[in-house]
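Chain by chain, the residues run as shown.
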Amino acid sequence: MPLMEPDEAAIAAGARALANGRLVAFPTETVYGLGAHALDSEAVAGIFAAKGRPTDHPLICHVASTDALAPLVAEVTPTAQELADAFWPGPLTLVMPRSDAVPDAVTGGRDTVAVRVPAHPVALALLRAFGGPVAAPSANRFGRPSPTSASDVADELEDAVAVILDGGPCEIGIESTVLDLTCDPPQVLRPGRISAEQVEQVLGGPVNAVASGPARAPGMLESHYAPGARVEVVAADLVGARAAALDASGVRVAVLAPDAVEGLPAAALVLGPAGSPDHYAARLYAAFRRADAEGAGVILAVPPPAAGIGVAVRDRLQRASAGR
Ligand code: AMP
Ligand code: MG
């Protein structure tokens, strides 16, 4: 049984497993990660095999402190240093030109590497005990919702990991903001808890936000973060009618919305109210998993307002609903 309370012995066991080229699942403030020794190509290959993830899909390198960034990148630029000072440890991933130390297995052959210092005490304890960079994507099978609890990880990947460190539910609940520093101005590749506006304030200059909303045609979106149930993104004033129509055609409907929805069919599975955008983010993937566990055919999701982390929640809902 690899699921362990994250005491000193478990952290040490996790660090040993990483050193031996095995996989360790650990909590971060965003979602649970599936970690491997980042400088050990064979160990990193194990991540792709466990997840069923295409090998050209790059991984994020997790380090214990900003000091540990330097060996992984060509240069710690003033911009990177400013952002690290402002946001690390925290849910911001920086994409930078890589050093020769980083194997192709981590970057999918790119000449850039993605790095962050996570804010979760268990993640930091593991990184310190291991003493090197840990490559880690989210600890789910490819394309599925990210795990936000240790039991989610066990459901997805138990057989593949040496240790699952149980740090309880993740506080943020969706993946880190990914910011590309190899272009000018910097570009958000994936929205998260740290917004483009927050980054702009620190840098005192513009940041290109990821294109979102109607401009990103659903057909163009990579399907990702998707539960078994079909996700439909619906406006608040239309959700009642859509739920009634699906219910009438014999589909079990689940509803996730910021506020309570009146007049839903009696059989509807109410996954909310999700509340503020922060709460919505923290509950999103657990709600997807619950809908699947209860046999919902369709999840009707009313998006939160497009401000702060709401931008990131809307991005995940779009992707979860795409291409199905
Ligand atoms: P995940 O590991 O599932 O959290 O996903 C990692 C995210 O980081 C993906 O969105 C990747 O595309 C992104 N990423 C990692 N490395 C790079 C890189 N070198 N360049 C651009 N994006 C990256
Ligand atoms: Mg992922």
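Quick caveat, the model's predicted, so the values are computed rather than measured.

Draft legend 1. Up close: helix α10 (residues 310-321). For α10, spanning twelve residues, the distance from its first C-alpha to its last is 16 Å, which sits close to the expected 16 Å at 1.5 Å a residue. Counting buried residues in α10 gives nine out of twelve residues, a clear majority hidden from the surface. Elements that come into contact with the buried residues of α10 comprise β10 (187-190), β11 (230-233), α9 (277-293) and β14 (298-301).

Draft legend 2. Expanded view of the sheet that holds strand β6 (residues 112-116). A sheet is described by the order of its strands in space; here ten strands give the open sequence β1-β8-β2-β3-β7-β4-β6-β5-β9-β10, paired in mixed fashion. Looking at strand neighbours, the two that pair on one side only are β1 (3-4) and β10, the edges of this open sheet. One ladder, built from four bridges, connects strand β5 (residues 92-97) with strand β9 (residues 177-180); its direction is parallel. Counted as the bridge partner of Val95 is Asp180 from β9. Where helix α5 (residues 121-130) meets the sheet, it contacts β2 (24-26), β3 (33-37), β4 (60-62), β7 (134-136) and β8 (163-165), and its direction lies at approximately 145° from that of β2.

Draft legend 3. Expanded view of the side chain of Ser176. In this fold, Ser176 is placed in the loop between β8 and β9. By relative accessible area, which is 2% here, Ser176 ends up buried. Ignoring anything within four residues of it in the chain, the contact list for Ser176 reads Thr30, Ile60, Pro91, Leu92, Thr93, Arg116, Arg190, Pro191, Gly192 and Arg316.

Draft legend 4. Inspection of the site of ligand 1 at higher detail. Ligand 1 sits among 14 residues. The nearest are Arg53, Thr112, Ala114, Pro137 and Arg190. At a separation of 3.4 Å, an oxygen atom of ligand 1 approaches a polar side-chain atom of Ser138. The contact in question runs from an oxygen atom of ligand 1 to an N or O atom on the side chain of Arg190, over 3.1 Å. Contact with the protein chains covers 83% of the free accessible surface of ligand 1, which is 500 Å². Elements that contribute at least two residues to the shell around ligand 1 include exactly β6 and β10. Here the shell around ligand 1 gets three residues from one element, more than from any other, and that element is β6. A breakdown of the residues in the shell around ligand 1 according to their chemical character gives nine nonpolar, two polar and three charged.

Draft legend 5. Inspection of the environment of Asp159 at higher detail. Topologically, Asp159 is positioned in the loop between α6 (150-157) and β8. Asp159 gets classed as exposed once you look at its relative accessible area, which sits at 81%.

Draft legend 6. Molecular detail of the pattern of salt bridges. Throughout the structure, instances matching the rule amount to 14 salt bridges. A salt bridge links Glu294 to Arg290, with the shortest nitrogen-to-oxygen separation between them at 3.2 Å. Since its relative accessible area comes to 35%, Glu294 is described here as partly exposed. Residue classification places Arg290 among the partly exposed positions, given a relative accessible area of 38%.

Draft legend 7. Quick peek at the pairing of strand β12 (residues 253-256). With burial as the criterion, each face of β12 is covered, one bearing Val253 and Val255 and the other bearing Ala254 and Leu256. Pairing of β12 with strand β13 (residues 269-270) involves two bridges; the strand directions are parallel. Residue pairing for β13: Val255 is matched across the bridge by Val270.

Draft legend 8. Inspection of the nonpolar core at higher detail. Residues Leu34, Leu83, Trp88, Leu92, Leu94, Val115 and Leu179 are the most contacted members of the largest nonpolar core, which totals 48 residues. For this core, the secondary-structure elements that each account for two or more residues are β3, α2 (41-51), α3 (78-87), β5, β6, α6 and α7 (196-203). When residues of this core are assigned to their parent elements, the largest contribution, five residues, is made by α2.

Cut-offs applied
- Residues numbered from 1 in each chain as written.
- Chains lettered and ligands numbered in written order.
- Predicted model: local features only at pLDDT ≥ 70, side-chain atom pairs only at ≥ 80, totals over all residues.
- Heavy atoms only, no water.
- Helix = DSSP H or I, 4+ residues; strand = E, 2+ residues; numbered from the N terminus.
- Expected span 1.5 Å × (residues − 1).
- Buried < 20%, exposed > 50% of the residue type's maximum accessible area, 1.4 Å probe, protein only.
- Contact = heavy atoms within 4.5 Å.
- Pairing = 2+ DSSP bridges.
- Axes fitted to C-alpha atoms, helices over the stretch in contact; angles between N-to-C directions.
- Near = heavy atom within 4 Å.
- Polar contact = N/O pair within 3.5 Å; in protein donor to acceptor, adjacent residues only side chain to side chain.
- Areas by Shrake-Rupley, 256 points an atom, 1.4 Å probe, with all protein chains shown as cover.
- Nonpolar A, V, L, I, M, F, W, Y, C, P; charged D, E, K, R; others polar.
- Salt bridge = Lys/Arg side-chain N within 4 Å of Asp/Glu carboxyl O.
- Core = buried A, V, L, I, M, F, W, Y, C linked by side-chain atoms within 4.5 Å.

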